[in-house]
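Here's the letter readout for the chains.
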Amino acid sequence: MTENTLGAAETEAAALEDPPADEAGAAAGDSLVLDFTESDRLLWPVQGNVILGYSMDTTTWFPTLEQYKCNPANVIQSEVSTPVSAPADARILEVGVNEEIGSYVRLDLGNGYQAVCGQLKEIPVVENEYVSRGDVLGYVAEPTKYYSLEGASLYFELLSGDEPVDALDYLE
């Protein structure tokens, strides 16, 4: 092989490789404009009753914990394995696990708004991926030890900047 042929072969092989995840996410995101505003409405990630409501000004009773505390989220009753939908077009900021809310997905909705969906399992999304409103983010998991008496539910938190806000004010 000549030097030019080898260079062409390497270039062709590089073109066939998958793009890095951050480039793939950026390309997919070109068609999604993350421009959530105070007047926009969110899709309910699951259908169900709010069993623990947002409450940052007063405390609310947490049966499992047997204590009153502030709640930065809404806990929505559901069934194990119920699909959890993206509430709006978003970019996946983080997929993680913590002791209280279990496996979760943090979403960037745009303009400083973020949403957190917790108590998930079988999460098919990855960080920096763009999702459209209604796309599956995961499935409702068995409750963590912090929500065992409340039962299967979705932890759903909405933030504006770094401050939690009541998602019920934004849900359709």
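Residues numbered from 1 in each chain as written. Predicted model: local features only at pLDDT ≥ 70, side-chain atom pairs only at ≥ 80, totals over all residues. Heavy atoms only, no water.

1. Notes on the overall build of the protein chain
Next up, step 1: A tally of regular secondary structure across the protein chain gives 2 helices and 12 strands.
Next up, step 2: Taken from the N to the C terminus, the helices and strands of the protein chain come in the order α-α-β-β-β-β-β-β-β-β-β-β-β-β.
Next up, step 3: When each of the 172 residues of the protein chain is scored for burial, the buried share is 38%.
Next up, step 4: Of the roughly 9200 Å² that the protein chain leaves accessible, carbon and sulfur atoms contribute 47%. (Helix = DSSP H or I, 4+ residues; strand = E, 2+ residues; numbered from the N terminus. Buried < 20%, exposed > 50% of the residue type's maximum accessible area, 1.4 Å probe, protein only. Areas by Shrake-Rupley, 256 points an atom, 1.4 Å probe, with all protein chains shown as cover.)

2. Considerations on the environment of Ala 86
Next up, step 1: By the secondary structure assignment, Ala 86 is in the loop between strand S5 (83-85) and strand S6 (90-98).
Next up, step 2: On the basis of relative accessible area, Ala 86 is assigned to the buried category, the value being 0%.
Next up, step 3: Residues in contact with Ala 86, not counting those within four places in the same chain, are Leu 43, Val 131, Ser 132, Arg 133, Gly 134, Asp 135 and Leu 137. (Contact = heavy atoms within 4.5 Å.)

3. Regarding the side chain of Ser 153
Next up, step 1: Looking at the element boundaries, Ser 153 is found in strand S11 (residues 153-160).
Next up, step 2: Using a relative accessible area of 0% as the deciding quantity, one classes Ser 153 as buried.
Next up, step 3: A polar contact of 3.0 Å, which involves the side chain of Ser 153, links it to the side chain of Gln 119.
Next up, step 4: Apart from residues no more than four positions distant in its own chain, Ser 153 is found in contact with Ile 51, Val 75, Ile 76, Gln 77, Ser 78, Gly 118, Gln 119 and Val 140. (Polar contact = N/O pair within 3.5 Å; in protein donor to acceptor, adjacent residues only side chain to side chain.)

4. What about the pairing of strand S10 (residues 136-140)?
Next up, step 1: Pairing of S5 with S10, which is carried by 3 bridges, proceeds in the antiparallel orientation. Along S10, the bridge assignment pairs Ser 85 with Val 136. (Pairing = 2+ DSSP bridges.)

5. Here we look at the environment of Ser 39
Next up, step 1: Mapped onto the elements, Ser 39 comes out in the loop between helix H2 (21-29) and strand S1 (50-52).
Next up, step 2: By relative accessible area, which is 58% here, Ser 39 ends up exposed.
Next up, step 3: Between the C-alpha atoms of Ser 39 and Tyr 170, which are 131 residues apart in sequence, the distance is 7.7 Å.

Structural measurements only, silent on function.
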